[in-house]
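# Architecture and fold: a report
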Amino acid sequence: TTMGFARIPGLYLLFCVIICSLGELSYKATIDAYKDADDTLSTELDSLQNPKDCSKAKILLVTWDAPGDGLGSFIHTASSALAEGYYTQRTVIFAPHMLSLTSGYPCPSNHQWRCFFKPMSDTCRFEDFTLGDIKNIYRYGFLESSRIKYADQGRGNTFFFTPPSAYRNLPDSRRWWSSRILARTVRFRDELKRDIDKIKNGLAWEAQRPLIGVHIRHGDSIVLQKPQIAFKQYAEQIKSIRENNPNAKTVWISSDDEAVGKIKEKYLKESDGWKVLILPRIRVPACESKEECSDLTKLEFPFTYKDNDRYGREAFEDMFLLAECDYMIGTISSHFSVIPGLLRFAKGYTTLPIYMDIHGASQKKYQIGMLRSANLGRGPKADARIPTRWKSLAERFSPLNPSVSEQYAQAFRIPEESGIPEPPYHAVDRVVKSMVLSLSDDPQALGTPSPNACGEGGGDLETLFKISAGLFQAGHANESGECLYKVLSRVNRRIRRAKRRKKAVDKETLAIQGRVNRLLLALKANNGASIERSMPIKTRIFELGCIPPTQKKVDLTIAANYAADLYDLGDHEWAKACFGLCLLLPGTSSQLSLVRENFITLGGDPNSISPPFPTPSPSPSPSPSPPPSPSP
């Protein structure tokens, strides 16, 4: 056939014109399909996230169980919640929280997402909750039929990488869906956008194209089940891009390693035609071995608390500049790489990101960025659990239906060519169908576990906790409580072990501990127990953010002063809720009288607090000054 075309140039030319025309038409059809889908999804999300009446809207509440998480982890949690909110048709809002890093931009101290990004909703915020709403969260927040429900990260993670059926016919639909959900989540504050644009103008960003963006994660990665990839390997991958596109000579590098300049000095020399852009940043020494950095608390970060704002801004600026590059190289085991890798697609950069550790990740060896439910924790037994990674992911998605989780684990994969996790559609659709049925009070909807589902204590903590929640939802309060205390005993053993070894308690354990405490409160409330002082009221105050996160002790003065601070920040409803909880704390007559006055001034009803105010201490001792009374 080739020889025939060679003899008839006119026919060959006509063939080329036809093929090129078909290619143009196909490309245009793809762009049009994306545009139509973008418009539809944007309209759906805007409508869902901005209900006309927040008091009647179905809410998905995001609680931040691990305040020490990095910025990538917080974006991951928020994006997973938005995907779950779409599937369950709920408005996503955030409970009070603090980020590990800040921006320096003006923002509420207990809603620091707003330090970087616009709120998830313009019409519905946590401050709109009434005290009755907050009580109901504790009582019914784990129920599918509850108006206000806790977000389920194990479920949201899978939904984030699974486009709904209406969008599955799009080309590269998984990447399209994940990138659009992520883009809707991270809508910049004007100040952050201004600072990023300022950096781009200073670097003559557009004139440098085509740009190769590189993220090099070293630092603590060797401790966190992430590979240590040498500078030389990154340089070889960069050079391979230039072989295919000789014009790609400018490299933008973001790294936490203080030795990152070596890649420019040794491998990408200016004399060889390379231009390497590395901004001055706060960086740390890389861990060379697990033994050297076995305890993350030993890592010395070379900045003080005053530098926290700068470090936070620098991290976000680097992350979102990577999303503006024509090519990108990173590691799939890091949120910091996967987030810009996905955002690039939403911005129109269609070249696939190159993940240096994709082979190991697809073989379950490493953690997966933006798929935290596949994490296995740390410790001496972590490596032994690697073969069960997909099984753990599946059980966290569908803990109450073993047949679904087994199908999920067997079919789940991460193709090395795309780097996009692929949860199986059939397993996801079965769970979605059961969720819809559960809203009709079908007792079998979620694959209700049997009363002895907790077994003999096997399985990971996340799975056991979800079984406890399932038993609670099914009405097996006693069995749920027994299972929950089994989880709590394992959590406490971990905490005691860490204290004996003088090590920090891992974030997974602390997160489970907080969720267990919330479900225990729900169990007590639904069993008719009144909110007495003997119940963990101090736990309620911690979990609901009515005390500074740095405080380890709860007393009336600290909590009431913090409630007054919330009022000063404009969070009036939340301040009222915290003053209400303060009324359940022991204190002197004068202290409780002032708290009661503040509560009533903000519109609170003292009769809604059960039981009535605790009896003041019989012989008041000298105490700190009472909380200031706000003046609405």
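Here, the structure is the one placed above.
An account of the accompanying structure is given in this report. Being a predicted model, the structure only gives us computed values, none of them experimental. (Residues numbered from 1 in each chain as written. Predicted model: local features only at pLDDT ≥ 70, side-chain atom pairs only at ≥ 80, totals over all residues. Heavy atoms only, no water.)

This part covers helix H4 (residues 131-140). Three or more residues of H4 are buried, namely Leu131, Asp133, Ile134, Ile137 and Tyr138. Buried residues along H4 cover an arc of 165° about the axis, so they all sit on one side. (Buried < 20%, exposed > 50% of the residue type's maximum accessible area, 1.4 Å probe, protein only. Helix = DSSP H or I, 4+ residues; strand = E, 2+ residues; numbered from the N terminus. Arc of directions from axis to C-beta.)

Ranked by internal contacts, the top residues of the largest apolar core, which has 85 residues, are Ile75, Trp113, Phe117, Trp176, Trp252 and Phe320. Looking at which element gives the most residues to this core, the answer is helix H3 (residues 71-88), with nine residues. Beyond its immediate stretch of four places on either side in the chain, Trp252 contacts Leu203, Trp205, Ile212, Gly213, Val214, Leu277, Leu279, Asp318, Leu321, Leu322 and Cys325. Within the second largest apolar cluster, 55 residues are counted, among which are Ala95, Tyr150, Cys483 and Ala563. (Core = buried A, V, L, I, M, F, W, Y, C linked by side-chain atoms within 4.5 Å. Contact = heavy atoms within 4.5 Å.)

To continue, consider the state of the cysteines. The final tally for this structure, using the stated rule, is two disulfides. Shown here is the disulfide that connects Cys54 with Cys124, its sulfur atoms set 1.8 Å apart. Judged by the torsion about the S-S bond (40°), the Cys54/Cys124 disulfide is right-handed. Here the residue Cys54 occupies a position in the loop between helix H2 (9-49) and strand S1 (59-62), and Cys124 occupies one in the loop between strand S2 (91-94) and H4, the gap between them amounting to 70 residues. The exposure class assigned to Cys124 is buried, which follows from its relative accessible area of 2%. (Disulfide = S-S within 2.5 Å.)

The description of an aromatic ring pair uses the distance of the two centres, along with the angle that the planes make with each other. Scanning all chains against the criterion turns up 22 aromatic pairs. A ring pair is formed by Tyr86 and Trp177, whose centres lie 5.3 Å apart and whose planes are at 70°; its orientation type is edge-to-face. Of this pair, Tyr86 sits in helix H3 while Trp177 sits in helix H6 (residues 173-185), and the two are 91 residues apart along the sequence. Of the residues examined, Tyr86 reaches a relative accessible area of 12% and is grouped as buried. Aromatic ring contacts, followed pair by pair, group Tyr86, Tyr87, Phe159, Trp177, Trp390, Phe397, Tyr408 and Phe412 into a single cluster. Between the NZ or CZ atom of Arg174 and the centre of the ring of Tyr425, over which it lies, the distance is 4.3 Å. A cation sits over an aromatic face here: Arg180 above Tyr34, 5.8 Å from the ring centre. (Phe/Tyr/Trp six-rings, centres within 6.5 Å; stacked < 30°, edge-to-face > 60°. Lys NZ or Arg CZ within 6 Å of the ring centre and 35° of its normal.)

What follows covers the side chain of His76. Topologically, His76 is positioned in helix H3. On the accessibility criterion, His76 (0% relative accessible area) is buried. Those residues in contact with His76 that lie beyond four places of it in its chain are Gln153, Asn157, His335, Met370, Leu371 and Arg372.

The next point concerns the packing of H6 against helix H11 (residues 335-346). At a closest axis distance of 8 Å, the pairing of H6 and H11 adopts a crossing angle of 100°. Relative to H11, H6 is oriented roughly perpendicular. Between H6, through Arg175, Trp176, Ser178, Ser179, Arg180, Leu182 and Ala183, and H11, the contact on the second element is made entirely by Ile339, Leu342, Leu343, Phe345 and Ala346. Of the residues that constitute the contact of H6 with H11, the class distribution is eight nonpolar, two polar and two charged. (Axes fitted to C-alpha atoms, helices over the stretch in contact; angles between N-to-C directions. Parallel < 35°, antiparallel > 145°, perpendicular 65-115°, else oblique. Nonpolar A, V, L, I, M, F, W, Y, C, P; charged D, E, K, R; others polar.)

With that settled, consider the sheet that holds strand S6 (residues 275-277). On the basis of which strands lie adjacent, the open sheet formed by five strands has the order S6-S5-S4-S7-S8 and parallel pairing. The sheet terminates laterally at S6 and strand S8 (354-355), the two strands that pair on one side only. Relative to strand S5 (residues 250-255), strand S4 (residues 211-216) runs parallel, the two sharing six bridges. When the sheet's bridge partners are listed, Ile216 is paired in S5 with Ser255. Its contacts with the sheet place helix H8 (residues 231-244) against S4, S5, strand S7 (327-330) and S8, and it is angled at close to 160° to S4. Its contacts with the sheet put H11 on S4, S5, S7 and S8, and the angle it makes with S7 is roughly 160°. (Pairing = 2+ DSSP bridges.)

On to the pattern of salt bridges, then. Counted by the stated rule, this structure contains 21 salt bridges. The salt bridge involving Glu144 is made with Arg155; its shortest N-O contact spans 3.0 Å. Remark: Arg155 occurs in helix H5 (residues 153-160) and Glu144 occurs in the loop between H4 and strand S3 (148-150); sequence separation between them is eleven residues. Accessibility expressed as a relative area gives 4% for Glu144, which makes it buried. For Arg155, a relative accessible area of 6% translates into the label buried. For Asp326, the salt bridge identified is with Arg209, shortest N-O distance 2.9 Å. (Salt bridge = Lys/Arg side-chain N within 4 Å of Asp/Glu carboxyl O.)

Side chains of S2 alternate between two faces, with Thr91 and Ile93 and Val92 and Phe94 buried alike. Of the strand pairs in this sheet, S1 and S2 are connected by four bridges, and their pairing is parallel. Its bridge partner lying in S2, Val62 is registered against Phe94.

The end-to-end C-alpha distance of H3 is 26 Å, a good match for the 26 Å that 18 residues give at a rise of 1.5 Å each. For H3, a buried count of 18 out of 18 residues is recorded, marking the element as mostly surrounded by other parts of the structure. Where H3 terminates, the next one or two residues include Gln89, which has phi positive at roughly 55°. (Expected span 1.5 Å × (residues − 1).)

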